[in-house]
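Remarks on the overall topology
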Amino acid sequence: MKIKGKSRRINKAAGTAVICLGIILLTGCSSAEKKQLEKTQLETTQNITEIVTKTYSESRPAPVQEANTIIIEEGMCLEERFQTPAGFRRTESSAGSLSEFLRAYPLFPDKSPVLLYNGQEKENQSAHAAVFQMNLSNLDRQQCADSVMRMYGEYYWSQGQYEKIAFHFVNGFLCDYNSFRAGKRVKIDGNQTTWVKKAEPDDSWESFQSYLDLVFAYASTLSMKEESQPADLEQVQPGDVFLYSGSPGHVVMVVDTCENDKGERAFLLAQGYMPAQQFHVLNNPIHKE
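Note that the coordinates shown come from a computational prediction; the quantities given were computed from them, not determined experimentally.

**Details of the packing of helix 5 (residues 144-159) against helix 7 (residues 205-218)**
Running from N to C, helix 5 and helix 7 point in directions that differ by 150°, and their axes come no closer than 11 Å. For the element pair helix 5 / helix 7, the angle class is roughly antiparallel. Remark: the crossing between helix 5 and helix 7 carries right-handed chirality. Residues Asp146, Met149, Arg150, Gly153, Glu154 and Trp157 of helix 5 form the contact with helix 7, whose participating residues are Trp205, Phe208, Gln209, Leu212, Val215 and Phe216. Residues that form the contact of helix 5 with helix 7 fall into these classes: 7 nonpolar, 2 polar and 3 charged.

Shown next as structure tokens:
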């Protein structure tokens, strides 16, 4: 999410098709928790699915190909792995842009499983079309909103735009990377959060990972909603999100887009989930075997 210049969340469904959209399932909860979470998550999934798919089902068929003609197994990034539907071409991206970064982000080999933070395979392995080679710590923190924040954070870190790496905690505290890399650490006393100088300056990748783990512990879809602004689905672009804030809420990220001569757009969606797991591209339900 971009703090200095807000990110965009989709709030209108019109004239856009879906290449990949998965069915989201809950795993790893106690029976009592699972019952309540399943009810909430079902509502969340239905909300996001209806926003994304309703228009084409009512008006015209979605411009998609059969699943086996979209995926190029040898491809090791989005641009190499996924072909566009017939009649579509990828939207333009400039050098150094987020679109270029997302399209070139490394993927694990085709048909790789999605792993949890503890190294185990997640229960449902049918919802994804590809898995990003994104770092995942052994903490159960990098869930749905966290994976989106990590992608934005890694992009700005790769560009050296450290001043743009900043995320609000749910309580409103702005946790900026420049303060963390300068050696400041967060002190939490009840609902009061402040910076305290405790370490030497550190620009390393390892320190950046520690910063992200801190953010993941105190930010969520609730804070992400406040950091975003509405966007029109007709102009969907890489980096946009479909966001349902709550406890739990859910968010999926648009990681690639394409369009045809009529200006209609199609796109790829990706998500993290709970328990913490690898960031992955979602399957489209119509491509189920």
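Back to the text.
**Observations regarding the nonpolar core**
Ranked by size, the top nonpolar core spans 45 residues in total, and within it Phe132, Met151, Tyr211, Met253 and Val255 carry the most contacts. Mapped onto this core, the elements with two or more residues apiece are helix 4 (98-104), strand 4 (128-131), helix 5, helix 6 (177-181), helix 7, strand 10 (241-244), strand 11 (250-259) and strand 12 (265-271). Residue contacts for Tyr211: discarding those within four places in its chain leaves Ile165, Ala166, Phe167, Cys175, Asp176, Tyr177 and Phe180. With 8 residues, the next largest nonpolar core counts Leu233, Phe267, Leu269 and Leu282 among its residues.

**A closer look at the pairing of strand 10**
Bridging between strand 10 and strand 11 involves 4 bridges; their strand directions are antiparallel. Bridge pairing in strand 11 links Phe242 to Val252.

**Structural notes on helix 5**
Given 3.6 residues to a turn, an α-helix orients residues that are three or four positions apart in the same direction. The terminal C-alpha atoms of helix 5, which comprises 16 residues, lie 24 Å apart, in line with the 22 Å expected from a rise of 1.5 Å per residue. After helix 5 finishes, the residue Gly160 shows a positive phi value of roughly 70°.

**Section: helix 7**
The end-to-end C-alpha distance of helix 7 is 21 Å, a good match for the 20 Å that 14 residues give at a rise of 1.5 Å each. Turning to helix 7, its buried residues number three or more, namely Ser207, Phe208, Gln209, Tyr211, Leu212, Asp213, Leu214, Val215 and Phe216. Contacts from the buried residues of helix 7 go to helix 5, strand 5 (166-168), strand 6 (174-176), helix 6 and strand 7 (184-189).

**So, the side chain of Asp256**
Along the polypeptide, Asp256 turns up in strand 11. A relative accessible area of 3% means that Asp256 is categorised as buried. Here the side chain of Asp256 touches Arg90 through a polar contact of 2.6 Å, side chain to side chain. When residues no more than four places from it in sequence are discounted, the contact partners of Asp256 are Leu78, Arg90, Arg103, Pro238, Ala266, Phe267 and Leu268.

**What about the side chain of His128?**
Mapping His128 onto the fold places it in strand 4. A relative accessible area of 13% places His128 in the buried class. Residues within four places of His128 in sequence aside, it is in contact with Ser112, Pro113, Val114, His280, Val281, Leu282 and Asn283.

**Quick word on the confidence of the model for the protein chain**
Parts of the prediction with low pLDDT should not have their coordinates interpreted in detail. Confidence in the prediction for the protein chain averages 81 pLDDT; 75% of positions are at 70 or higher. By mean pLDDT, strand 2 (residues 16-20) is the weakest element of the protein chain at 36, and helix 6 is the strongest at 98. Under a pLDDT of 50 for its full length, residues 1-5 has, in the predicted model, 20 contacts with residues more than four places off or in other chains. Per-residue pLDDT stays below 50 along residues 11-68; that stretch engages in 122 contacts with residues further than four places along the chain or on separate chains.

**Topic: the environment of Phe108**
One can find Phe108 in the loop between helix 4 and strand 4. Distance from Phe108 to His280, taken between C-alpha atoms, is 9.9 Å for residues 172 residues apart in sequence. Once residues within four sequence positions are removed from consideration, Phe108 is found in contact with Met76, Arg81, Val131, Phe132, Gln133 and Gln278.

**Some details on the packing of aromatic side chains**
Considering all chains together, one arrives at 17 aromatic pairs under this definition. These aromatic residues form a ring-pair network of at least three members: Trp157, Tyr162, Tyr177, Phe180, Trp205, Phe208 and Tyr211.

**A word on the environment of Ser210**
With respect to the helices and strands, Ser210 occurs in helix 7. By relative accessible area, Ser210 is classed as partly exposed at 40%. Taking C-alpha positions, Ser210 is 9.6 Å from Ser137, a pair spaced 73 residues apart along the chain.

**Quick look at unusual backbone geometry**
That bond from Met274 to Pro275 is cis: its omega, -5°, falls within 30 degrees of zero. Mapped onto the elements of the fold, Pro275 is located in the loop between strand 12 and strand 13 (280-282). Of note in this structure, Lys111 is not a glycine but carries a positive phi near 70°. Of note, Lys111 is situated in the loop between helix 4 and strand 4.

**Details of the pattern of salt bridges**
Going through the model one piece at a time under the given rule, you end up with 9 salt bridges. Residue Asp256 pairs with Arg90 through a salt bridge whose shortest N-O separation is 2.6 Å. Note that Asp256 is positioned in strand 11 and Arg90 in strand 3 (residues 89-90), a separation of 166 residues in sequence. For Asp203, the salt bridge is made with Arg181, and the minimal N-O distance between the two is 2.6 Å. Residue Asp203 is found in the loop between strand 8 (192-197) and helix 7, and its partner Arg181 is found in helix 6; the two are separated by 22 residues along the sequence. Looking at Asp203, the relative accessible area reads 44%, which means it is partly exposed. Owing to a relative accessible area of 21%, Arg181 belongs among the partly exposed residues under this scheme. The structure contains a network of salt bridges with shared partners spanning Glu73, Arg81, Asp110 and Lys111.

Scoring rules and cut-offs
Residues numbered from 1 in each chain as written. Predicted model: local features only at pLDDT ≥ 70, side-chain atom pairs only at ≥ 80, totals over all residues. Heavy atoms only, no water. Axes fitted to C-alpha atoms, helices over the stretch in contact; angles between N-to-C directions. Helix = DSSP H or I, 4+ residues; strand = E, 2+ residues; numbered from the N terminus. Parallel < 35°, antiparallel > 145°, perpendicular 65-115°, else oblique. Left-handed = near helix turned anticlockwise from the far one by under 90°. Contact = heavy atoms within 4.5 Å. Nonpolar A, V, L, I, M, F, W, Y, C, P; charged D, E, K, R; others polar. Core = buried A, V, L, I, M, F, W, Y, C linked by side-chain atoms within 4.5 Å. Buried < 20%, exposed > 50% of the residue type's maximum accessible area, 1.4 Å probe, protein only. Pairing = 2+ DSSP bridges. Expected span 1.5 Å × (residues − 1). Polar contact = N/O pair within 3.5 Å; in protein donor to acceptor, adjacent residues only side chain to side chain. pLDDT = per-residue confidence, 0-100. Phe/Tyr/Trp six-rings, centres within 6.5 Å; stacked < 30°, edge-to-face > 60°. Salt bridge = Lys/Arg side-chain N within 4 Å of Asp/Glu carboxyl O.

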